[in-house]
Amino acid sequence: MTLGLINANPVVQAKKEGLVRREDQYRDDGVDPLEMTKYVRDIRDPEHPYTLEQLRVVSEESVTVDDKLDRILITFTPTIQHCSMANIIGLCLRAKLKECLQLHYKVDIRVSPGSHADEVSVNKQLNDKERVVAALENPNLRQLVDECIYSDEI
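Only a predicted model underlies this, so the values are computations on that prediction, with no experimental measurement involved.

**Student:** So, the overall build of the protein chain: which residues are in play, and what are the values?
**Tutor:** What the protein chain contains, in helices and strands, is 5 helices and 3 strands. Reading the secondary structure of the protein chain in the N-to-C direction produces α-β-β-α-β-α-α-α. Relative to its full complement of 154 residues, the protein chain shows a buried share of 45%. Across the protein chain, every contact between residues at least 6 apart in sequence was considered, and the portion connecting residues at least 24 apart equals 66%.

**Student:** Hey, could you go over the nonpolar core for me, with residue numbers and the actual values?
**Tutor:** In terms of nonpolar packing, the biggest core is built from 37 residues, with Met 36, Ile 72, Phe 76, Leu 93 and Leu 101 touching the most fellow members. Secondary structure elements with two or more residues in this core: helix 1 (33–40), strand 1 (63–66), strand 2 (71–76), helix 2 (86–100), strand 3 (106–111), helix 3 (119–126), helix 4 (129–137) and helix 5 (139–149). The biggest single contributor to this core is helix 2, with 8 residues.

**Student:** Go over the pattern of salt bridges with me, naming the residues and quoting the values.
**Tutor:** What the rule picks out here adds up to 7 salt bridges. For Lys 106, the salt bridge is made with Asp 108, and the minimal N-O distance between the two is 3.0 Å. With a relative accessible area of 37%, Lys 106 lands in the partly exposed category. Asp 128 serves as the salt-bridge partner of Arg 131, at 3.8 Å between the closest nitrogen and oxygen. Classification of Asp 128 by relative accessible area gives partly exposed; the value is 21%.

**Student:** Provide a residue-level description of the environment of Leu 144, including the pertinent values.
**Tutor:** Its place among the elements puts Leu 144 in helix 5. With a relative accessible area of 14%, Leu 144 lands in the buried category. Distance in space between the C-alpha atoms of Leu 144 and Leu 91 is 9.9 Å, their sequence separation being 53 residues.

**Student:** Before we move on, could you go through the pairing of strand 2 and cite the residues and values that matter?
**Tutor:** With 4 bridges joining them, strand 1 and strand 2 adopt antiparallel strand pairing. Along strand 2, the bridge assignment pairs Thr 64 with Leu 73. Of the crossover connections in this fold, the one passing from strand 2 over helix 2 to the parallel strand 3 is right-handed.

**Student:** Lay out the pairing of strand 3 in plain terms, naming residues and giving numbers.
**Tutor:** Alignment of strand 2 against strand 3, held across 6 bridges, turns out to be parallel. Considered in strand 3, the bridge of Ile 74 is made with Ile 109.

**Student:** Explain the packing of helix 1 against helix 2 residue by residue, including any values.
**Tutor:** Look at helix 1 against helix 2: their axes get within 9 Å of each other, and the N-to-C directions meet at 115°. The interaxial crossing formed by helix 1 with helix 2 has right-handed handedness. Across the interface between the two elements, Met 36, Tyr 39 and Val 40 from helix 1 touch Leu 93, Lys 96, Leu 97 and Cys 100 from helix 2. Here the residues of the contact of helix 1 with helix 2 sort into 6 nonpolar, no polar and 1 charged.

**Student:** Tell me what's going on with helix 4, and back it up with residues and numbers.
**Tutor:** Turning to helix 4, its buried residues are Val 132, Ala 135 and Leu 136. What you see down the axis of helix 4 is that its buried residues fit within an arc of 95°, all on one side. Residues of helix 4 that are exposed and point over 90 degrees away from its buried face: Glu 130 and Glu 137. If you follow the buried residues of helix 4, they end up packed against helix 2, helix 3 and helix 5. N-capping of helix 4 is provided by Asp 128, with a side-chain oxygen placed 3.0 Å from the backbone N of Glu 130.

**Student:** Can you lay out the side chain of Asn 123 for me, pointing to particular residues and giving the numbers?
**Tutor:** Residue placement: Asn 123 occurs in helix 3. Reaching out from Asn 123, the side chain makes a polar contact with the backbone nitrogen of Val 111 at a distance of 2.8 Å.

The rules behind each value
Residues numbered from 1 in each chain as written. Predicted model: local features only at pLDDT ≥ 70, side-chain atom pairs only at ≥ 80, totals over all residues. Heavy atoms only, no water. Helix = DSSP H or I, 4+ residues; strand = E, 2+ residues; numbered from the N terminus. Buried < 20%, exposed > 50% of the residue type's maximum accessible area, 1.4 Å probe, protein only. Contact = heavy atoms within 4.5 Å. Core = buried A, V, L, I, M, F, W, Y, C linked by side-chain atoms within 4.5 Å. Salt bridge = Lys/Arg side-chain N within 4 Å of Asp/Glu carboxyl O. Pairing = 2+ DSSP bridges. Right-handed = clockwise from strand over helix to strand, strands pointing away. Axes fitted to C-alpha atoms, helices over the stretch in contact; angles between N-to-C directions. Left-handed = near helix turned anticlockwise from the far one by under 90°. Nonpolar A, V, L, I, M, F, W, Y, C, P; charged D, E, K, R; others polar. Arc of directions from axis to C-beta. Polar contact = N/O pair within 3.5 Å; in protein donor to acceptor, adjacent residues only side chain to side chain.

Have a look at this one:
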């Protein structure tokens, strides 16, 4: 955890009880925006005791699945433009999806356009395999990522 809060007063939304599939245009292997959202919605924010869904960092609308190319794009919106936790949030999303998805899917994780002051750099880091592997090999970062993914505090 950080010593001081970067965003001391985030806007918190009520947690949705059940997500309902809107369309049935996807394959039967369970990979659609709804399923991807179910995988990542309960990841805890690294700075606050709320989920990414409650903080509106991720939503079903922020997930795109391209069945033809076996690609998944998740865009997330940090709570403030200078969020220093954006890379950690992206690592959490990538680590969670890695354990939930079949290997043949290409996953891109990006901050929503215009939502972060250092958008290009964050996107580059989150989609660079070597940087992601190196970050997740760091014991302190790995512990923080695991705490966010597997938090029992929610």
